[in-house]
Amino acid sequence: MSVDHFDPTLKGTKADSYENWFLVSAEWNNEKSKKWSDYQPVLDPTDVDFEQRIIYIDSSYAAADPVDIYAANLVRLLKLDDSRMATRRKAYIKRKKEEIAERGISSQQFIDKLLVDYPEGIYFIRALEEELNVKVNFDLLKST
């Protein structure tokens, strides 16, 4: 894992701030930096309309509006539409559903407990929220 400057053109400037920093895999960070200019203009992941502009459908992501070039470029830049990653998300969600069924608790109780007991075990946050109809509440980590 490494800290990535989402917009590499801001790195080392006064405009760079924590809102431009994300924890990502080193492999992804290197890949993104090589293709940044190919996907401009791009939607910022901290945009207030992000979840309305990027939709989750069947373990994949897409621009909600096909003419929204900013959103479409973000999907392609981050490879949110990658079929291999969609397969991984589906398998992860399936495992979580099985674990919930085995424990006989609600999905929200399961996610809350997992977040408190093993936050490193929480992946694909939006997929979890969409598929399980839960809220991954990071405020729970403040009380531990």
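To be clear, the structure that these remarks concern was listed above.
What comes next concerns the included structure. (Residues numbered from 1 in each chain as written. Predicted model: local features only at pLDDT ≥ 70, side-chain atom pairs only at ≥ 80, totals over all residues. Heavy atoms only, no water.)

**Looking at the packing of helix α4 (residues 83-103) against helix α5 (residues 107-117)**
Next, step 1: Taken N-terminus to C-terminus, the directions of α4 and α5 make an angle of 105°; their axes are 10 Å apart at the nearest point. Relative to α5, the element α4 is oriented roughly perpendicular. Of α5, the residues touching α4 (which contributes K96, E99, I100 and R103) are S107, F110 and L114. (Axes fitted to C-alpha atoms, helices over the stretch in contact; angles between N-to-C directions. Helix = DSSP H or I, 4+ residues; strand = E, 2+ residues; numbered from the N terminus. Parallel < 35°, antiparallel > 145°, perpendicular 65-115°, else oblique. Contact = heavy atoms within 4.5 Å.)

**Some details on the pattern of salt bridges**
Next, step 1: All told, the structure shown has 14 salt bridges when counted by the stated rule.
Next, step 2: Salt-bridge contacts for R53 lead to D47; the nearest nitrogen and oxygen are separated by 3.8 Å.
Next, step 3: We note a salt bridge from K135 to E129, for which the minimum N-O separation is 3.6 Å.
Next, step 4: Classification of K135 as exposed rests on a relative accessible area of 52%.
Next, step 5: For E129, a relative accessible area of 17% corresponds to the buried category. (Salt bridge = Lys/Arg side-chain N within 4 Å of Asp/Glu carboxyl O. Buried < 20%, exposed > 50% of the residue type's maximum accessible area, 1.4 Å probe, protein only.)

**Considering the pairing of strand β3 (residues 54-57)**
Next, step 1: Side-chain alternation along β3 places I54 and Y56 on a buried face and I55 and I57 on a face that remains uncovered.
Next, step 2: As paired strands, β3 and strand β4 (residues 60-63) are joined by 4 bridges and run antiparallel to one another. Among the inter-strand pairings, I57 is bridged to a residue of β4, identified as S60. (Pairing = 2+ DSSP bridges.)

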